Amino acid sequence: MLRWAAIFFIIAIVAAIFGFGGIAEGAATIAQVLFFVFIVLFVLVLAFGASIFKK
């Protein structure tokens with residue numbers, strides 16, 4: 001998922017360089033959402049992983 005966030009971030013940068021404002025904004029929004037979803041899933045996996053190994 002972090003890979004997809006990075007891909008959309010690169011698309012947003014390239015689109016911004018060429019002046020496609022709407023496309024850049026959309027790709028940046030998608031990248032931001034995917035990044036935050038990745039962070040939430042990462043924290044959940046850490047929490048559940050830590051609770052499993054405590055037993």
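The rules behind the values
- Residues numbered from 1 in each chain as written.
- Predicted model: local features only at pLDDT ≥ 70, side-chain atom pairs only at ≥ 80, totals over all residues.
- Heavy atoms only, no water.
- Helix = DSSP H or I, 4+ residues; strand = E, 2+ residues; numbered from the N terminus.
- Rg over C-alpha atoms; globule rule 2.2 N^0.38 Å.
- Buried < 20%, exposed > 50% of the residue type's maximum accessible area, 1.4 Å probe, protein only.
- Expected span 1.5 Å × (residues − 1).
- Arc of directions from axis to C-beta.
- Contact = heavy atoms within 4.5 Å.
- Patch = residues over 30% accessible without salt bridge, like charges linked within 9 Å, V, L, I, M, F, W, Y side chains within 5 Å.
- Areas by Shrake-Rupley, 256 points an atom, 1.4 Å probe, with all protein chains shown as cover.
- Salt bridge = Lys/Arg side-chain N within 4 Å of Asp/Glu carboxyl O.

S.K.: Would you explain the overall build of the protein chain in this entry?
M.R.: Secondary structure assignment for the protein chain yields two helices and zero strands. Whereas a compact globule of 55 residues would reach a radius of gyration of roughly 10 Å, the protein chain reaches 16 Å, over 25% beyond that. Taken along its principal axes, the extent of the C-alpha atoms in the protein chain is 55 × 15 × 10 Å. Looking at the protein chain as a whole, 13% of its 55 residues qualify as buried.

S.K.: How should helix α1 (residues 2-18) be read in this particular structure?
M.R.: Within an α-helix, residues lying three or four positions from one another point in the same direction, as the helix has 3.6 residues per turn. Taking 1.5 Å per residue as the helical rise, α1 with its 17 residues ought to reach 24 Å, and the 25 Å between its terminal C-alpha atoms agrees with that figure. Along α1, the positions that sit buried rather than exposed are Ala 5, Ala 12 and Ala 15. Along the axis of α1, the buried residues cluster in a sector spanning 90°; they form a single face. Facing away from the buried side of α1 by more than 90 degrees, the exposed set consists of Arg 3, Ile 10, Ile 17 and Phe 18. Where α1 is buried, its residues touch α2 (21-53).

S.K.: Just to check I follow, could you spell out a nonpolar patch on the surface for this structure?
M.R.: Together, Trp 4, Ile 7, Phe 9, Ile 10, Ile 11, Ile 13, Val 14, Ile 17, Phe 18, Phe 20 and Ile 23 give the surface a local cluster of nonpolar side chains, amounting to about 1100 Å² of exposed area. Per element, the largest residue contribution to the nonpolar patch is nine residues, and it comes from α1. Looking at the secondary structure, you find Trp 4 in helix α1.

S.K.: What am I meant to see in the environment of Ala 28 here?
M.R.: Along the polypeptide, Ala 28 turns up in helix α2. Put simply, Ala 28 and Ile 11 are 17 residues apart on the chain and 8.0 Å apart in space, counted from C-alpha to C-alpha.

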